Amino acid sequence: MVLKRVPTVRTFCTEEELIKGFVDGWIKSFNKIPSKESIGVLYAQNALETGATKYMWNYNIGNVKAKDIPGQVVEYCVLNNVWEIINGKKIILSPESPGSWFLSFRTLADGVSHHISFLRNNRYNKAWETVENGNPAAFASKLKKLGYFTASEADYIKLMNFYFNKYMKSNHYELAIKANEKVKPWEKIGNFFSKLFGK
């Protein structure tokens, strides 16, 4: 098991690029179209955690910290001025502290794929049903109980709802669905023949 430090790079995405990344990642992971609300929960958390990607580093979608994984080389970047609430006090962590080490990904697709898997299959999997149900407030509450963040639950919920509602008024999800359909026209043809021949 090896932790490998890589350069810290700001990876800003437009709202449209990010939402398309979430839609593509969901389809790749589950082979089905996600609901607009489900993508909204993922988008809202990223916007909250990264200031709408203005402070997203190395495509780390949810500000997940780096940890050793047996048998793998884990790439990470170091962030400055990372803070946590410890015993009711705001503590600034030094760059040398593992608390300032965050997972690094080479592409948006890699970051999205990891984050979906991370939420669905690890210690936070009890929160996954709230993503599927498209409930940002319940998602935030579950994450707080499971120790995902140390900040105020009320503040986290407030921001989750703010970004979720902003996203729901946009048409980025619909554009992402249309773009995905254009990329894979052969799937429609395959589905047509499957229905035609009863396969």
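For the structure itself, look to the data block above.
Residues numbered from 1 in each chain as written. Predicted model: local features only at pLDDT ≥ 70, side-chain atom pairs only at ≥ 80, totals over all residues. Heavy atoms only, no water.

Let's talk about the pattern of salt bridges
Point 1. In the structure shown here, the tally under the stated rule is four salt bridges.
Point 2. In this structure, the salt-bridge partner of Glu15 is Lys166, at a minimum N-O distance of 2.7 Å. With Glu15 in helix H1 (residues 15–30) and Lys166 in helix H6 (residues 153–168), this residue pair connects regions lying 151 residues apart in the sequence.
Point 3. In this structure, the salt-bridge partner of Lys36 is Glu174, at a minimum N-O distance of 3.1 Å. Taken together, the residues Lys36 in helix H2 (residues 36–50) and Glu174 in helix H7 (residues 172–183) connect sequence positions 138 residues apart.
Point 4. For Lys36, a relative accessible area of 13% puts it in the buried group. (Salt bridge = Lys/Arg side-chain N within 4 Å of Asp/Glu carboxyl O. Helix = DSSP H or I, 4+ residues; strand = E, 2+ residues; numbered from the N terminus. Buried < 20%, exposed > 50% of the residue type's maximum accessible area, 1.4 Å probe, protein only.)

A short note on the sheet that holds strand E5 (residues 101–103)
Point 1. Sheet architecture is open: three strands sit in the order E1-E2-E5, paired in mixed fashion. Each edge of the sheet is formed by a strand with only one pairing partner; in this case those strands are strand E1 (2–5) and E5. Ignoring which end each strand starts from, the neighbouring axes of this sheet average 45° apart.
Point 2. By the bridge criterion, three bridges tie strand E2 (residues 73–78) to E5 in an arrangement that is antiparallel. Each residue of the ladder has a partner; that of Cys77, found in E5, is Phe102. (Pairing = 2+ DSSP bridges. Axes fitted to C-alpha atoms, helices over the stretch in contact; angles between N-to-C directions.)

Shape descriptors only; they carry no functional weight alone.
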